[in-house]
Amino acid sequence: NAGVTQTPKFRILKIGQSMTLQCTQDMNHNYMYWYRQDPGMGLKLIYYSVGAGITDKGEVPNGYNVSRSTTEDFPLRLELAAPSQTSVYFCASSPRQGAGNQPQHFGDGTRLSIL
Amino acid sequence: QQQVKQSPQSLIVQKGGISIINCAYENTAFDYFPWYQQFPGKGPALLIAIRPDVSEKKEGRFTISFNKSAKQFSLHIMDSQPGDSATYFCAATGDSGAGSYQLTFGKGTKLSVIP
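Scope of this entry: the structure provided in the associated data block. (Residues numbered from 1 in each chain as written. Chains lettered and ligands numbered in written order. Predicted model: local features only at pLDDT ≥ 70, side-chain atom pairs only at ≥ 80, totals over all residues. Heavy atoms only, no water.)

## A few points about the overall build of chain A
Thinking step 1. Within chain A, the regular secondary structure consists of 0 helices and 11 strands.
Thinking step 2. Scanning chain A from its N terminus toward the C terminus, one meets helices and strands in the order β-β-β-β-β-β-β-β-β-β-β.
Thinking step 3. At 14 Å, chain A has a C-alpha radius of gyration in line with the 13 Å of a compact globule built from 115 residues.
Thinking step 4. With the principal axes as the frame, chain A shows a C-alpha extent of 45 × 30 × 25 Å.
Thinking step 5. Counting every position in chain A, which comprises 115 residues, the buried fraction comes to 46%.
Thinking step 6. In the structure as shown, chain A presents an accessible area of about 5,300 Å², 51% of it carried by carbon and sulfur atoms.
Thinking step 7. The average position of the 10 basic charges and that of the 8 acidic charges among the side chains of chain A differ by 6 Å. (Helix = DSSP H or I, 4+ residues; strand = E, 2+ residues; numbered from the N terminus. Rg over C-alpha atoms; globule rule 2.2 N^0.38 Å. Buried < 20%, exposed > 50% of the residue type's maximum accessible area, 1.4 Å probe, protein only. Areas by Shrake-Rupley, 256 points an atom, 1.4 Å probe, with all protein chains shown as cover. Lys, Arg positive; Asp, Glu negative; His and termini not counted. Charge placed at Lys NZ, Arg CZ, Asp CG, Glu CD.)

## Quick word on the pairing of strand E3 (residues 19-25) of chain A
Residues and elements named next belong to chain A.
Thinking step 1. Here E3 shows a clear split, with Met19, Leu21, Cys23 and Gln25 buried on one side and none of Thr20, Gln22 and Thr24 buried on the other.
Thinking step 2. Note that strand E1 (residues 4-7) and E3 share 4 bridges and pair antiparallel. Along E3, the bridge assignment pairs Gln6 with Cys23.
Thinking step 3. The pairing of E3 with strand E8 (residues 76-78) spans 3 bridges and is classified as antiparallel. Residue Leu21 lies in a different strand from E8, and its bridge partner there is Leu76. (Pairing = 2+ DSSP bridges.)

## What about unusual backbone geometry?
Thinking step 1. Backbone torsion omega between A:Thr7 and A:Pro8 reads -5°, so that peptide bond is classified as cis.
Thinking step 2. Within the secondary structure layout, A:Pro8 lies in the loop between E1 and strand E2 (10-13).
Thinking step 3. Here the amide bond leading from B:Ser7 into B:Pro8 is cis, since omega sits at -5°, within 30 degrees of zero.
Thinking step 4. Relative to the helices and strands, B:Pro8 is located in the loop between strand E1 (4-7) and strand E2 (10-14).
Thinking step 5. At B:Asp79, a position not held by glycine, the phi torsion is positive, near 45°.
Thinking step 6. Relative to the elements of secondary structure, B:Asp79 occurs in the loop between strand E8 (72-77) and strand E9 (86-92).
Thinking step 7. Relative accessible area serves as the criterion here: at 38%, B:Asp79 is assigned to the partly exposed category.

## Some remarks on the state of the cysteines
Thinking step 1. Applying the stated rule across the entire model yields 2 disulfides over all chains.
Thinking step 2. For A:Cys23, the disulfide goes to A:Cys91, at an S-S distance of 1.9 Å. Taking the torsion about the sulfur-sulfur bond, which here is approximately -70°, the covalent link between A:Cys23 and A:Cys91 counts as left-handed. Residue A:Cys23 is located in strand E3, and its partner A:Cys91 is located in strand E9 (residues 87-94); the two are separated by 68 residues in the primary sequence. Exposure class is identical for A:Cys23 and A:Cys91. Each is buried.
Thinking step 3. Here B:Cys23 is linked by a disulfide to B:Cys90, with a sulfur-sulfur distance of 1.9 Å. Classification of the bridge connecting B:Cys23 and B:Cys90 rests on its S-S torsion, roughly -95°, and on that basis the disulfide is left-handed. (Disulfide = S-S within 2.5 Å.)

Quick look at the structure:
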(Lines give C-alpha, C1' and ligand atoms only; values in the text may rest on other atoms or scores of the structure.)
Protein backbone atom coordinates (compact mmCIF):
# COMPACT_ATOMS: atom_id res chain seq x y z
CA ASN A 1 0.00 0.00 0.00
CA ALA A 2 1.80 3.15 -1.25
CA GLY A 3 -0.29 5.72 0.65
CA VAL A 4 0.51 9.28 -0.48
CA THR A 5 3.15 9.56 -3.22
CA GLN A 6 4.82 12.84 -4.15
CA THR A 7 7.02 13.54 -7.16
CA PRO A 8 9.62 14.83 -7.70
CA LYS A 9 11.52 14.46 -4.41
CA PHE A 10 13.92 17.30 -5.23
CA ARG A 11 13.87 20.13 -7.73
CA ILE A 12 15.84 23.28 -8.44
CA LEU A 13 14.06 26.03 -10.37
CA LYS A 14 15.15 29.37 -11.71
CA ILE A 15 13.20 32.50 -10.80
CA GLY A 16 10.21 32.89 -13.10
CA GLN A 17 10.03 29.24 -14.15
CA SER A 18 6.92 27.19 -13.57
CA MET A 19 6.40 23.64 -12.43
CA THR A 20 3.83 21.20 -11.11
CA LEU A 21 4.30 19.18 -7.96
CA GLN A 22 2.50 15.87 -8.27
CA CYS A 23 0.57 14.13 -5.50
CA THR A 24 -1.41 10.92 -5.71
CA GLN A 25 -3.02 8.73 -3.05
CA ASP A 26 -4.34 5.19 -3.28
CA MET A 27 -6.47 5.16 -0.11
CA ASN A 28 -9.64 6.53 -1.75
CA HIS A 29 -9.54 9.53 0.59
CA ASN A 30 -11.89 12.38 -0.16
CA TYR A 31 -9.82 15.11 1.50
CA MET A 32 -6.42 16.21 0.23
CA TYR A 33 -4.11 19.01 1.35
CA TRP A 34 -0.96 20.86 0.34
CA TYR A 35 1.36 22.28 3.01
CA ARG A 36 4.67 24.04 2.94
CA GLN A 37 7.22 23.58 5.70
CA ASP A 38 9.86 26.20 6.40
CA PRO A 39 12.56 25.77 9.08
CA GLY A 40 11.22 26.52 12.56
CA MET A 41 7.81 27.49 11.21
CA GLY A 42 5.76 24.30 11.30
CA LEU A 43 3.45 23.47 8.40
CA LYS A 44 1.31 26.06 6.67
CA LEU A 45 -1.75 25.03 4.63
CA ILE A 46 -1.63 26.22 1.01
CA TYR A 47 -4.74 24.66 -0.54
CA TYR A 48 -7.08 21.82 0.25
CA SER A 49 -9.79 19.81 -1.49
CA VAL A 50 -12.83 18.05 -0.05
CA GLY A 51 -13.44 16.01 -3.19
CA ALA A 52 -12.97 15.85 -6.94
CA GLY A 53 -13.74 19.20 -8.53
CA ILE A 54 -13.72 21.13 -5.23
CA THR A 55 -10.76 23.13 -3.97
CA ASP A 56 -10.31 25.96 -1.50
CA LYS A 57 -7.58 28.28 -0.25
CA GLY A 58 -5.67 27.68 2.94
CA GLU A 59 -3.52 30.08 4.93
CA VAL A 60 -0.82 30.83 2.30
CA PRO A 61 -2.29 30.36 -1.23
CA ASN A 62 -0.61 33.25 -3.05
CA GLY A 63 1.60 32.14 -5.94
CA TYR A 64 0.07 28.67 -6.16
CA ASN A 65 -2.78 26.96 -7.98
CA VAL A 66 -4.37 23.53 -7.63
CA SER A 67 -6.82 21.30 -9.41
CA ARG A 68 -8.63 18.12 -8.42
CA SER A 69 -9.99 16.24 -11.42
CA THR A 70 -9.89 12.81 -9.77
CA THR A 71 -10.11 11.46 -6.22
CA GLU A 72 -6.52 10.18 -6.44
CA ASP A 73 -4.61 13.20 -7.76
CA PHE A 74 -4.08 16.69 -6.39
CA PRO A 75 -1.30 18.56 -8.26
CA LEU A 76 0.12 21.88 -7.05
CA ARG A 77 1.17 24.41 -9.67
CA LEU A 78 3.75 27.19 -9.29
CA GLU A 79 3.35 29.61 -12.20
CA LEU A 80 6.15 32.15 -11.65
CA ALA A 81 8.64 30.74 -9.17
CA ALA A 82 10.02 33.20 -6.61
CA PRO A 83 12.80 32.72 -4.02
CA SER A 84 10.18 32.97 -1.25
CA GLN A 85 8.72 29.70 -2.51
CA THR A 86 11.87 27.78 -1.60
CA SER A 87 10.50 25.25 0.87
CA VAL A 88 9.59 21.65 1.49
CA TYR A 89 6.12 20.84 0.20
CA PHE A 90 3.97 18.12 1.70
CA CYS A 91 0.81 16.59 0.35
CA ALA A 92 -1.60 14.85 2.72
CA SER A 93 -4.93 13.07 2.56
CA SER A 94 -7.64 12.00 4.99
CA PRO A 95 -10.89 10.03 4.81
CA ARG A 96 -14.35 11.56 4.69
CA GLN A 97 -14.82 13.51 7.89
CA GLY A 98 -18.55 13.23 8.34
CA ALA A 99 -18.09 11.65 11.76
CA GLY A 100 -15.53 14.19 12.92
CA ASN A 101 -11.82 14.57 12.55
CA GLN A 102 -9.73 11.89 10.89
CA PRO A 103 -5.93 11.69 10.85
CA GLN A 104 -4.07 13.08 7.86
CA HIS A 105 -1.58 10.86 6.04
CA PHE A 106 1.44 12.65 4.60
CA GLY A 107 3.74 12.00 1.68
CA ASP A 108 7.51 12.30 2.05
CA GLY A 109 7.68 15.76 0.53
CA THR A 110 9.17 17.65 -2.40
CA ARG A 111 12.21 19.77 -1.61
CA LEU A 112 12.14 22.80 -3.88
CA SER A 113 14.86 25.41 -4.26
CA ILE A 114 14.39 28.52 -6.36
CA LEU A 115 17.53 30.35 -7.37
CA GLN B 1 -5.45 33.98 13.18
CA GLN B 2 -5.82 30.63 14.83
CA GLN B 3 -2.62 29.68 16.62
CA VAL B 4 -1.06 26.77 18.41
CA LYS B 5 1.99 27.71 20.45
CA GLN B 6 4.55 24.97 21.04
CA SER B 7 7.54 24.83 23.38
CA PRO B 8 10.39 24.19 23.66
CA GLN B 9 11.85 24.66 20.20
CA SER B 10 14.51 22.03 20.92
CA LEU B 11 15.01 19.46 23.64
CA ILE B 12 17.91 17.23 24.63
CA VAL B 13 17.12 14.28 26.90
CA GLN B 14 19.25 11.45 28.21
CA LYS B 15 18.30 7.91 27.25
CA GLY B 16 15.75 6.61 29.73
CA GLY B 17 14.57 10.08 30.70
CA ILE B 18 11.20 11.76 30.22
CA SER B 19 10.66 14.13 27.31
CA ILE B 20 7.94 16.75 27.75
CA ILE B 21 6.63 19.02 24.99
CA ASN B 22 3.95 21.61 25.67
CA CYS B 23 1.34 23.27 23.48
CA ALA B 24 -1.28 25.93 24.04
CA TYR B 25 -4.19 26.94 21.84
CA GLU B 26 -6.61 29.85 21.61
CA ASN B 27 -9.58 28.66 19.59
CA THR B 28 -12.19 27.01 21.82
CA ALA B 29 -13.77 25.42 18.74
CA PHE B 30 -10.81 23.04 18.41
CA ASP B 31 -11.96 19.51 19.23
CA TYR B 32 -9.16 17.22 18.05
CA PHE B 33 -5.52 17.44 19.08
CA PRO B 34 -3.06 15.19 17.25
CA TRP B 35 0.68 14.91 17.66
CA TYR B 36 2.85 14.17 14.65
CA GLN B 37 6.36 12.74 14.57
CA GLN B 38 8.71 13.60 11.72
CA PHE B 39 12.05 12.00 10.93
CA PRO B 40 14.56 13.75 8.63
CA GLY B 41 13.62 13.39 4.97
CA LYS B 42 10.17 12.03 5.77
CA GLY B 43 6.69 13.44 6.08
CA PRO B 44 4.96 13.85 9.45
CA ALA B 45 3.26 10.72 10.76
CA LEU B 46 0.43 10.63 13.28
CA LEU B 47 1.77 9.55 16.67
CA ILE B 48 -1.15 9.94 19.06
CA ALA B 49 -4.26 12.11 19.31
CA ILE B 50 -6.78 13.19 21.93
CA ARG B 51 -10.26 14.71 22.05
CA PRO B 52 -11.19 17.21 24.78
CA ASP B 53 -13.63 14.87 26.54
CA VAL B 54 -10.70 13.07 28.20
CA SER B 55 -7.79 14.46 30.23
CA GLU B 56 -5.21 11.86 29.32
CA LYS B 57 -4.47 9.29 26.65
CA LYS B 58 -1.66 6.77 26.78
CA GLU B 59 -0.23 4.63 24.00
CA GLY B 60 2.85 2.70 25.03
CA ARG B 61 5.53 5.16 26.14
CA PHE B 62 3.62 8.15 24.74
CA THR B 63 1.04 10.06 26.79
CA ILE B 64 -1.00 13.16 25.99
CA SER B 65 -2.19 15.23 28.93
CA PHE B 66 -5.01 17.66 28.20
CA ASN B 67 -6.19 20.63 30.28
CA LYS B 68 -9.32 22.05 28.70
CA SER B 69 -9.76 24.96 31.11
CA ALA B 70 -6.18 26.15 30.56
CA LYS B 71 -6.35 25.36 26.83
CA GLN B 72 -3.11 23.44 27.06
CA PHE B 73 -1.95 19.96 26.12
CA SER B 74 1.35 18.18 26.35
CA LEU B 75 3.19 15.13 25.09
CA HIS B 76 5.17 12.99 27.51
CA ILE B 77 7.62 10.40 26.22
CA MET B 78 8.59 7.99 28.97
CA ASP B 79 11.87 6.04 28.91
CA SER B 80 13.05 8.11 25.92
CA GLN B 81 15.19 6.22 23.41
CA PRO B 82 17.64 7.40 20.72
CA GLY B 83 15.13 6.17 18.13
CA ASP B 84 12.68 8.78 19.43
CA SER B 85 14.99 11.53 18.13
CA ALA B 86 12.79 13.42 15.68
CA THR B 87 10.80 16.61 15.31
CA TYR B 88 7.42 16.59 17.03
CA PHE B 89 4.51 18.78 16.02
CA CYS B 90 1.37 19.39 17.99
CA ALA B 91 -1.72 20.34 16.05
CA ALA B 92 -5.33 21.23 16.57
CA THR B 93 -8.44 21.24 14.45
CA GLY B 94 -12.17 21.77 14.53
CA ASP B 95 -14.94 22.33 12.05
CA SER B 96 -13.95 25.48 10.14
CA GLY B 97 -17.24 25.50 8.23
CA ALA B 98 -18.67 23.52 5.31
CA GLY B 99 -17.59 20.32 7.04
CA SER B 100 -13.89 20.88 6.49
CA TYR B 101 -11.32 20.32 9.22
CA GLN B 102 -8.07 22.19 8.79
CA LEU B 103 -5.09 21.36 10.96
CA THR B 104 -3.27 24.21 12.67
CA PHE B 105 0.28 23.16 13.54
CA GLY B 106 2.69 24.27 16.21
CA LYS B 107 6.17 25.23 15.04
CA GLY B 108 7.72 21.95 16.13
CA THR B 109 10.15 20.63 18.74
CA LYS B 110 13.37 18.94 17.72
CA LEU B 111 14.04 16.16 20.23
CA SER B 112 17.48 14.63 20.59
CA VAL B 113 17.86 11.63 22.88
CA ILE B 114 21.49 11.03 23.77
CA PRO B 115 22.85 7.66 24.95
